[in-house]
Amino acid sequence: MRRSIRWRLAVWYSVALAAALLLFGVLIRFSLERRLLSEMDEELSGRVIRFENYFLVESAEIRSGDLVDELAEFCAALPPGSSIELTGPRGLFFRYPKNPGTGARFRTLERTFADRNGVPLRIVAGESMKPIRHTIALLQFELFTLAPFAMLIACLGGWLLSRRALKPVADIANTAHAISIENLSVRLEIPRTGDELERLAEAFNTMLARLEAAVATLSQFVADASHELRTPLAVIRASAEIALRRARTADSYRESIAGIAEEAERMTALVEDLLFLARSDAGSAALPGAEEDLCAIVRQAARAVEPLARGRGIRIIGFEPGMAPVMIPANRAALERMFTALLDTAIKYSPNDGRIDVEFRVADSRAAISISDGGPGIEPADLPHIFKRFYRADKARTGQGYGLGLS
């Protein structure tokens, strides 16, 4: 079963919080116990030193029979749960209280010292562990009692926070569901949070803008291609209907068939151009390269359009006799096609009896060619768009050329 991101965030938040609370409780518990034991050890050490000093003073002034009573009087001032045991040679033994208890309920400190005569004595001071164990038990009880309430509050808070944090994602999803091919102009509302969600919304809007532009270009292309294909199809149909309308001579049939073949050839060339563009966009168009003479390629393109230029008295200038070859790695057919289209456009927009200049420049292992004519040029408003597929400044499809003839 798939869970939502909000549910998973709440679960992970709860697990992390539970682990943090458990670790915090364990650290607090052992840290407090260690601190309490350290304070108890300091208290026992001071108690032993005080008892030792008291014993040395009293043993020098009081008879041994009364010494036990003095030591008992000293121990009576000790806190409840305390114990002291003193042992030495010649049957010296003192314990307070008489039955102090043993085992894990007491923490003891042992010390050996010598009396004024150099006789070694052993003293053992003890303290009941009950107060410490009671404090630790109370802490554990409070931790285990309050932790579930803290977890519950934290889980609810995490659920609400995750819901609020993921609200922009839900808004993006709702808007994205409402976008279709008919309303690609809709854009997501960008949350000004400065985080990943803002960048996600911006990236999504950028993607929508590219899709809108691509769909618009595709729609325009389909419309223009349909227009271009409709003309030869209409001519073919009209020629066939006229030829079939009544019996005609062989020459008349031959003329109709020739017109149909001419229009079919034009339509075939258009379809091949469209297929080539589609393969190029898909990256599957085969354009093998080889070392080619750039000057020879341009000359070949110029020879292809020479009849058009001669018919309008236009001269193509720039091919110097004996020009050294400019060898480049290229696909010859593709470059000839490109330069033919450029020269054809230059002829189309040049005035009659004008000239077209072709200039070659070679520098730093780079070759450059410029083709200039005396035509009206390109309007500044059209310059940013001239490299867009099928863009044409002159929306009217007039004249014939080597391109697709699409707007």
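All of the points below concern the structure found in this document. These figures come from a predicted structure and were not determined experimentally. (Residues numbered from 1 in each chain as written. Predicted model: local features only at pLDDT ≥ 70, side-chain atom pairs only at ≥ 80, totals over all residues. Heavy atoms only, no water.)

### A few points about the sheet that holds strand β1 (residues 82-87)
Reading across the sheet, the four strands line up as β2-β1-β4-β3 and stay open at both edges, with antiparallel pairing between neighbours. Each edge of the open sheet carries a strand with a single partner, namely β2 (93-96) and β3 (106-114). Within the sheet, the average angular offset between the axes of one strand and its neighbour, ignoring direction, is 10°. Across four bridges, β1 lies against β2 in antiparallel orientation. Within β2, the position partnered with Ile 84 by the bridge is Tyr 96. Sheet strands touched by helix α1 (residues 5-61): β1, β2, β3 and β4 (120-128). Its angle to β3, the strand with the most contacts, is close to 35°. (Pairing = 2+ DSSP bridges. Helix = DSSP H or I, 4+ residues; strand = E, 2+ residues; numbered from the N terminus. Axes fitted to C-alpha atoms, helices over the stretch in contact; angles between N-to-C directions. Contact = heavy atoms within 4.5 Å.)

### Some remarks on the pattern of salt bridges
The final tally for this structure, using the stated rule, is 18 salt bridges. The shortest N-O distance in the salt bridge between Glu 85 and Arg 95 comes to 3.3 Å. A residue pair is termed long-range when its members are at least 10 positions apart, and Glu 85 in strand β1 and Arg 95 in strand β2 qualify at ten residues. With relative accessibility at 34%, the residue Arg 95 sits in the partly exposed group. Salt-bridge contacts for Glu 241 lead to Arg 237; the nearest nitrogen and oxygen are separated by 3.0 Å. Of this pair, Glu 241 and Arg 237 both sit in helix α5 (residues 196-245), four residues apart, which is roughly one turn of that helix. Judged by its relative accessible area of 60%, Arg 237 falls in the exposed class. Here the salt bridges share partners, and the residues they tie into one network are Glu 43, Arg 47, Arg 50 and Glu 127. (Salt bridge = Lys/Arg side-chain N within 4 Å of Asp/Glu carboxyl O. Buried < 20%, exposed > 50% of the residue type's maximum accessible area, 1.4 Å probe, protein only.)

### A look at unusual backbone geometry
Going from Tyr 96 to Pro 97, the amide bond is cis rather than trans, its omega being -15°. With respect to the secondary-structure elements, Pro 97 resides in the loop between β2 and β3. At Asp 364, a position not held by glycine, the phi torsion is positive, near 55°. Within the secondary structure, Asp 364 is located in the loop between β8 (355-363) and β9 (366-372). Even without a glycine there, the phi angle at Ser 365 is positive, about 60°. Note on placement: Ser 365 falls in the loop between β8 and β9. Of the residues examined, Ser 365 reaches a relative accessible area of 82% and is grouped as exposed.

### Observations concerning a nonpolar patch on the surface
The grouping of Trp 7, Val 11, Trp 12, Val 15, Trp 159 and Leu 160 at the surface amounts to a nonpolar patch, some 620 Å² of accessible area in total. Only α1 and α3 (130-165) provide two or more residues apiece to the nonpolar patch. Summarising the element assignment, Leu 160 is placed in helix α3. Note on Leu 160: relative accessible area 54%, which makes it exposed. (Patch = residues over 30% accessible without salt bridge, like charges linked within 9 Å, V, L, I, M, F, W, Y side chains within 5 Å. Areas by Shrake-Rupley, 256 points an atom, 1.4 Å probe, with all protein chains shown as cover.)

### Concerning the side chain of Arg 47
Inspection of the secondary structure assignment puts Arg 47 in helix α1. Non-local contacts of Arg 47, meaning those with residues more than four positions away in its chain, are made with Leu 78, Pro 79, Ser 82, Ile 84, Gly 126 and Glu 127.

### Observations regarding the nonpolar core
Phe 51, Phe 55 and Leu 86 are the most contacted members of the largest nonpolar core, which has 23 residues in total. Secondary structure elements with two or more residues in this core: α1, α2 (64-76), β1, β4 and α3. At eight residues, α1 tops the list of elements feeding residues into this core. Those residues in contact with Phe 55, other than ones at most four positions away along the chain, are Leu 67, Leu 71, Leu 86, Leu 92, Phe 113, Asp 115 and Leu 121. (Core = buried A, V, L, I, M, F, W, Y, C linked by side-chain atoms within 4.5 Å.)

### Things to note about helix α8 (residues 332-349)
An ideal rise of 1.5 Å per residue puts 26 Å on 18 residues; α8 measures up with 26 Å between its terminal C-alpha atoms. Three or more residues of α8 are buried, namely Leu 335, Phe 339, Thr 340, Leu 343, Asp 344, Ala 346 and Ile 347. For α8, the buried positions fall inside an angular range of 165° around the axis, keeping them on one side. Among the structural elements, α7 (294-311), β7 (327-330), β8 and β9 are those in contact with the buried residues of α8. (Expected span 1.5 Å × (residues − 1). Arc of directions from axis to C-beta.)

### Comments concerning the packing of aromatic side chains
On inspection of all chains with the given rule, the structure shows four aromatic pairs. Judged by centre distance (6.3 Å) and plane angle (20°), the ring pair of Phe 51 and Phe 94 falls under stacked. With Phe 51 in helix α1 and Phe 94 in strand β2, the pair connects residues that are 43 residues apart, well separated along the chain. Centroid distance Tyr 54 to Phe 74: 4.9 Å. Interplanar angle 25°. Geometry classified as stacked. Taken as a pair, Tyr 54 in helix α1 and Phe 74 in helix α2 lie far apart in primary sequence, 20 residues in all. Taking the relative accessible area as the measure of exposure, Tyr 54 reaches 21% and is therefore partly exposed. According to the relative accessible area criterion, Phe 74 is buried, its value standing at 19%. Within the aromatic cluster, the residues linked to one another by ring pairs are Phe 51, Tyr 54, Phe 74 and Phe 94. When the ring centre of Phe 30 is taken as origin, the NZ or CZ atom of Arg 29, which lies over that ring, is 4.9 Å away. (Phe/Tyr/Trp six-rings, centres within 6.5 Å; stacked < 30°, edge-to-face > 60°. Lys NZ or Arg CZ within 6 Å of the ring centre and 35° of its normal.)

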